[in-house]
Amino acid sequence: MTNRRQFLKQTTLAGAGIFIAPSVFSFQGSPAEKVVIGMIGTNSRGLALSSMLAKLPNVDVAYICDVDDNVIAKTQAEIEKISGKKPQGIKDLRKLLEIKDVDAVVIAAPDHWHAPAAMLALKAGKNVYVEKPCAHNPAEGEMLVAGAAKYNKLVQMGSQRRSFPKVMEAMQALHDGAIGRVYFAKGWYANGRKPIGVGKVVPVPTTLDFELWQGPAPRKPYKDNLVHYNWHWFWNWGTGEALNNGTHEIDVMRWGLGVDYPTKVVSGGGRFAYKDDWETPDTQTITFEFANNTAMTWEGRSCNNFPVEGVGRGVIFYGEKGTMVIPGGDDYKIFDPENKLVKEVKTDLQQADMVNTMGMGERLDGMHLLNFVESVRGKTKLNAPISEGHKSTLLPQLGNIAYRTGGTLYCDPSNGHIKDNPKALQLWKREYQKGWEMTL
């Protein structure tokens, strides 16, 4: 319980007096309304989210849902250590969604499950927090936006920077003209991932329900280099680095530029670093142009972690009167037209390691989760509603479609739909395993 008190103290202090809704950090002891959470997918990122949620006041991580018995047991032990209460373990998310007292589900399963699981939850009357990317393909993202409206439930995407206090302050400064009209942004992500080899078809571990793990995705054989992480690099289940990590920087760039959907998208790259089963690009650039005479580009390097601006991820905004650098965490710098540093804002929550698959640190990510549970209580509004999450997911999806089809995409700036390109439109949606089709 000490962990819970320390987390709350740090989170509250971090948010005090800065650009964030005051009600998000107004706890004076425990709030009246308990929020019961069901976790879906709790290996790695899901375990981290479960742990953070368990430290929030009057939040009950009551149910752990995962297709791997070992993962369930590991997460149950961690939550019991934090809260003193062992959550119930469930293997099939459909069983979890039948439980009436679940107020919200938090989804951190593989990407191919994000939108289908969220839609099933909406139909069951649950509020949803879904990790990025919110969807495997553009059609799913559009369906989630419609689903949130149809079922009148909250859907927040894990765009954590939308709740980082200093990033929020930086966005306000941009919109107030700190560097004049902002017309270009550059984002990047770098890591040092190793080869995944050539997988062998082997028996499925007895603790894993691989049929349920594949769920809505067309069936492929189980290989020894797929679960629990390398699925990210296979198109059948994953979305590549552009959505695995690029979604964050693209979201911040879109936010800063004040844009929604692009008019033009180009992308290049490949699997350059190694020869193995990895299908998505390990090196990729995506450039977007917008109708308001602005543009942005994202660079991903999965297998070379040489830093930009001293960090492995971040964003730079270029304006008529200067430049703003947001180097991956919750701080920023402003330079004048002569490249002189005129303002530097730091936070004591900044993490040294900006290349971290577990997120930007418990206290920062916790602010986003806190915003979600306070929204479920009706005390504030979502910082990253699905209407925004879909747009920031669609952009890298368009980048992947441009990469996979080898051409320039021209898009409708009102909704992001691809114009006059039948080949690209084939990738707007996916084929589902029979019986698992996602429907509104």
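Residues numbered from 1 in each chain as written. Predicted model: local features only at pLDDT ≥ 70, side-chain atom pairs only at ≥ 80, totals over all residues. Heavy atoms only, no water.

A. Just empty space enclosed by the protein, in detail. This model, assessed by the stated rule, comprises 1 cavity of 30 Å³ or more. By volume, the largest cavity is sized at about 50 Å³. If you go around the largest cavity, the residues you meet are Arg-161, Val-167, Glu-249, Val-252, Gly-314, Val-315, Ile-326, Gly-328 and Gly-329. Elements with a contribution of two residues or more to the lining of the largest cavity: α10 (246-257) and β11 (313-319). Taken together, the residues of the lining of the largest cavity sort by class into 4 nonpolar, 3 polar and 2 charged. (1 Å grid on protein atoms, 1.4 Å probe; cavity = no way out; pocket = protein on both sides within 12 Å on 5 of 7 lines; lining within 4 Å. Points joined across faces, edges and corners; volume = space filled by probe spheres on them. Helix = DSSP H or I, 4+ residues; strand = E, 2+ residues; numbered from the N terminus. Nonpolar A, V, L, I, M, F, W, Y, C, P; charged D, E, K, R; others polar.)

B. Spatial organisation of the side chain of His-114. As for its position among the elements, His-114 is in helix α5 (residues 111-123). Residues within four places of His-114 in sequence aside, it is in contact with Ile-107, Ala-108, Ala-109, Val-130, Glu-131, Lys-132, Pro-133 and Cys-134. (Contact = heavy atoms within 4.5 Å.)

C. View of the pairing of strand β9 (residues 283-290). Burial along β9 is one-sided: the face carrying Gln-284, Ile-286, Phe-288 and Phe-290 is buried and the face carrying Thr-283, Thr-285, Thr-287 and Glu-289 is not. As defined by bridge partners, strand β8 (residues 264-270) adjoins β9 across 7 bridges and the pair is classed as antiparallel. Each bridged residue has a counterpart across the sheet, and for Gly-270 the counterpart in β9 is Thr-283. Sheet topology note: the β9/strand β10 (residues 294-301) ladder contains 8 bridges and is antiparallel. Pairing of Phe-290 across the sheet is with Thr-294, part of β10. (Buried < 20%, exposed > 50% of the residue type's maximum accessible area, 1.4 Å probe, protein only. Pairing = 2+ DSSP bridges.)

D. Representation of the nonpolar core within the structure. In terms of nonpolar packing, the biggest core is built from 49 residues, with Leu-96, Val-105, Ile-107, Val-128 and Leu-144 touching the most fellow members. The element contributing the most residues to this core is α5, with 7 residues. Of the residues that make up this core, three or more belong to each of domain 1 (35-160) and domain 2 (162-198 + 212-426). Look past the residues within four positions of Leu-96 in its chain and what remains in contact with it is Gly-38, Met-39, Ile-40, Tyr-63, Cys-65, Ile-90, Val-102 and Val-105. By size, the runner-up hydrophobic cluster in this structure holds 46 residues, among which are Leu-243, Ile-250, Trp-298 and Leu-364. (Core = buried A, V, L, I, M, F, W, Y, C linked by side-chain atoms within 4.5 Å. Domains from an automatic or database assignment.)

E. The packing of aromatic side chains, seen in detail. Enumeration according to the criterion identifies 9 aromatic pairs in this entry. Seen in terms of ring centroids, Phe-210 and Tyr-222 are 5.1 Å apart; in terms of plane orientation they differ by 85°. Their pairing is edge-to-face. One end of the pair, Phe-210, is in helix α8 (residues 210-214); the other, Tyr-222, is in the loop between α8 and α9 (240-244), and 12 residues separate them in sequence. Judged by centre distance (4.3 Å) and plane angle (5°), the ring pair of Trp-233 and Trp-278 falls under stacked. With Trp-233 in the loop between α8 and α9 and Trp-278 in the loop between β8 and β9, the pair connects residues that are 45 residues apart, well separated along the chain. A single burial state applies to Trp-233 and to Trp-278, both of which are buried. Against the face of Trp-255 rests Arg-162, its NZ or CZ located 4.5 Å from the ring centre. Its guanidinium or amino end placed over the ring of Trp-235, Arg-404 lies 4.1 Å from that ring's centre, counting from NZ or CZ. (Phe/Tyr/Trp six-rings, centres within 6.5 Å; stacked < 30°, edge-to-face > 60°. Lys NZ or Arg CZ within 6 Å of the ring centre and 35° of its normal.)

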